[in-house]
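Architecture and fold: a report
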Amino acid sequence: GLSERLQETFKKLRGKGKLTEEDVNQALREVRLALLEADVNFKVVRNFVNVVRQRATGQDVMASLTPAQQVVKIVHEELTALMGGQNARLELAPKPPTVVMLVGLQGSGKTTTVAKLANLLKKQGRRPLLVAADVYRPAAIKQLQVLGGQIDVPVFSMGEQDPVSIAGAALESTRKGGQDVVIIDTAGRLHINEELMVELERIKAGVQPHEILLVVDAMTGQDAVTVAESFHQRLVLDGVILTKLDGDTRGGAALSVRAVTGCPIKFVGIGEKLDALEPFHPNRMADRILGMGDVLTLIEKAQAAFDASQAAEIRKKLKSADFNLDDFVAQLRQFKKMGPLDQIMGMIPGMDRMTKKMKGAMQFDEKELVVAEAIINSMTPWERRNPERIDGSRRRRIARGSGTNVQDVNRLLKQFDQTRKLFKQFSDWEKGAKKGGKRK
Ligand code: GDP
Ligand code: MG
């Protein structure tokens, strides 16, 4: 898969230490192939590689102490940017009800997603109403009613009447019913056709939805992107929901949709169950593509791989309260290898209360670890032993040397300080526990 190929490429790069421009170009050729094989739109790939090349072959990167890591960092940042940078939220209307209309081809997952979205909103304290406006197949109405029943959300239906009247009447009914989000399930077709588009345009004109979201199947790759372009031309979409990401091994749709259409991915479907819908976070997707700390997979790994000896090892490490910046990153990496801290710490008796604090201080993602390493590499041995005495001018020098900025250095030193304090607390707590004293 894409993830493996990219990791392989970067492993080679990391093995090199100092990089030449040719090393970077070679790596980028491999990145390009990997993306094309993952079914990412070719124009998107071309732009992406050009941007990364421009940034990665700059003086500040090539001359830095950790050029390979800087390149990975750039690739991560650009992948995130490609997918829209930030999480794009569902925009709720200032005056309820918010009207959300889901559109898409048949089988893309619309009806399921209508229910998933309602489920999510309900958990956030909203009162959704589902509207059965796919009137051509009686089974479609029934399906929505069944799903609504499962999450205890009302479903508005009027049989096989005109979808525009149904949607209008549903909206009207919220005055009495008090629902604040109306989610309309619409009909699909196997392929885009004029009849479908005209119907959807009519519903749009009739109820003026605040959000028109296109549901597309991630497993269809570039077809999903083409579908998104067509729907966007006719309906002006507010966003995309990418379904069946759980079965998508390539990632082409996730990586191209936003760049090609300009529409953000707002949610992703990751399973058939009604709680398998998540807000889409570009940086987490980039993490996953680059194989960096995808929390879910980590939890699975930790659960599969956990054994008591790891707990003992963590215990030992936590007790060595006397550690300096030299081992800081190594320690963090060790922890990271073992899986998510809270999972594992939760398995050490009596540790639950410390876990939360520890987690905050120690949960670095790969990107942050790379930065932390670069910063610490730029310090002198004296500075590593005396972090509290690193003054402003030293901080500026360290930032320059590591290709970071002073805020990054400040943040790292603060995190280090917090972690050291926590380690100290833990070791005190252990001593107290041994003497039979009270656990704080
Ligand atoms: P519609 O025709 O667009 O309304 O599609 P449906 O909602 O009926 O879904 C079609 C099929 O896709 C159903 O079997 C769903 O269970 C399945 N499905 C929908 N979303 C997901 C998802 O995120 N992951 C998986 N694995 N299956 C999904
Ligand atoms: Mg349907």
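Residues numbered from 1 in each chain as written. Chains lettered and ligands numbered in written order. Predicted model: local features only at pLDDT ≥ 70, side-chain atom pairs only at ≥ 80, totals over all residues.

If you check an unreviewed UniProt entry, the protein appears there as Signal recognition particle protein from Desulforudis audaxviator.

Description of the pairing of strand β4 (residues 181-186)
In terms of burial, β4 is a largely internal element, six of the six residues being buried. Of the two faces of β4, the one holding Val181, Ile183 and Asp185 and the one holding Val182, Ile184 and Thr186 are both buried throughout. Two elements, strand β2 (residues 128-133) and β4, share six bridges in a ladder whose sense is parallel. Directly across from Ala133, in β4, lies its bridge partner Thr186. (Buried ≥ 20, exposed ≤ 12 C-beta atoms within 10 Å, placed from the backbone. Helix = DSSP H or I, 4+ residues; strand = E, 2+ residues; numbered from the N terminus. Pairing = 2+ DSSP bridges.)

Digging into the site of ligand 1
Around ligand 1, 18 residues are found, and the nearest of them are Gly109, Lys110, Thr111, Thr112 and Gly269. It is helix α6 (residues 110-123) that contributes the most residues to the shell around ligand 1, three residues altogether. Class assignment for the residues of the shell around ligand 1 results in two nonpolar, twelve polar and four charged. (Near = placed C-beta within 6 Å. Nonpolar A, V, L, I, M, F, W, Y, C, P; charged D, E, K, R; others polar.)

Section: the sheet that holds β2
Strand pairs in the sheet, formed through backbone hydrogen bonds, run parallel or antiparallel to each other. In space, the eight strands of this open sheet follow the order β3-β2-β4-β1-β5-β6-β7-β8, with mixed pairing throughout. Looking at which strands have only one partner, the edges of the open sheet turn out to be β3 (155-156) and β8 (277-279). Pairing of strand β7 (residues 265-269) with β8 involves three bridges; the strand directions are antiparallel. Directly across from Gly269, in β8, lies its bridge partner Leu277. Packing against the sheet, helix α8 (residues 163-177) makes contact with β1 (98-103), β2, β3 and β4, and its axis sits at approximately 160 degrees to β2. Lying on the sheet, helix α10 (residues 222-235) is in contact with β1, β5 (211-217) and β6 (239-243); it crosses β5 at an angle near 160 degrees. (Contact = placed C-beta atoms within 7 Å. Axes fitted to C-alpha atoms, helices over the stretch in contact; angles between N-to-C directions.)

A word on unusual backbone geometry
The amide bond that connects Pro96 to the next residue, Pro97, takes the cis arrangement and shows omega of 0 degrees. The phi torsion at Val236 lies on the positive side, around 55 degrees, for a residue other than glycine. Secondary-structure assignment places Val236 in the loop between α10 and β6. Given 10 C-beta atoms within 10 Å, Val236 falls into the exposed group. Not every positive phi belongs to a glycine, and Lys244 is a case in point at roughly 60 degrees. Here Lys244 lies in the loop between β6 and α11 (252-261).

Topic: the UniProt feature "domain: SRP54-type proteins GTP-binding" (unreviewed entry) in the protein
Per the UniProt annotation, the sites labelled "domain: SRP54-type proteins GTP-binding" (unreviewed entry) are residues 264-277. Secondary structure content for residues 264-277 is 0% helix and 43% strand, and the end C-alpha separation is 16 Å. (UniProt positions renumbered as here; feature names shortened; annotations may be inferred.)

Let's talk about α11
The element α11 is extensively covered by neighbouring structure, given that eight of its ten residues are classed as buried. Within the span of α11, buried status applies to Gly252, Ala253, Ala254, Leu255, Ser256, Val257, Arg258 and Thr261. Note on α11: the residue one or two positions beyond its end, Gly262, has a positive phi of about 80 degrees.

Structural notes on the pairing of β6
Two faces make up the sheet, and in a regular strand the side chains alternate between them. Among the five residues that make up β6, five are buried, leaving the element largely enclosed by the rest of the structure. Residues of β6 alternate between two faces, with Gly239, Ile241 and Thr243 on one and Val240 and Leu242 on the opposite face, all of them buried. Handedness of the β-α-β unit built from β5, α10 and β6 comes out right-handed. Pairing of β6 with β7 involves three bridges; the strand directions are parallel. From the neighbouring strand, Val240 faces β7, where its bridge partner is Ile265. Where the polypeptide runs from β6 across α11 and back to β7, its parallel neighbour, the crossover connection is right-handed. (Right-handed = clockwise from strand over helix to strand, strands pointing away.)

Details of the environment of Pro264
Residue placement: Pro264 occurs in the loop between α11 and β7. When the 20 C-beta atoms within 10 Å are taken as the criterion, Pro264 is described as buried. As for Pro264 and Ile241, which are separated by 23 residues in sequence, their C-alpha atoms are 8.8 Å apart.

Examining the packing of α6 against helix α7 (residues 138-151)
Two numbers describe how α6 lies on α7: the axes approach to 10 Å, and their chain directions differ by 25 degrees. Taken together, the axis directions place α6 and α7 in an arrangement best described as roughly parallel. Crossing hand, α6 versus α7: right-handed. On the side of α6, the interface is formed by Thr111, Val114, Ala115, Ala118, Asn119 and Lys122, while α7 contributes Ala140, Gln143, Leu144, Leu147, Gly148 and Ile151. (Parallel < 35°, antiparallel > 145°, perpendicular 65-115°, else oblique. Left-handed = near helix turned anticlockwise from the far one by under 90°.)

What to know about helix α3 (residues 42-56)
For an α-helix the count is 3.6 residues per turn, leaving residues at separations of three or four pointing the same way. Under the 1.5 Å per step criterion, the end-to-end length of α3 is 21 Å for 15 residues, consistent within 8% with the ideal 21 Å. Every buried residue of α3 is accounted for by Val44, Val45, Phe48, Val52 and Ala56. Projected down its long axis, α3 shows its buried positions confined to an angular sector of 95 degrees, all on one face. Turned more than 90 degrees from where α3 packs its buried face, Lys43, Asn50 and Gln54 sit exposed. (Expected span 1.5 Å × (residues − 1). Arc of directions from axis to C-beta.)

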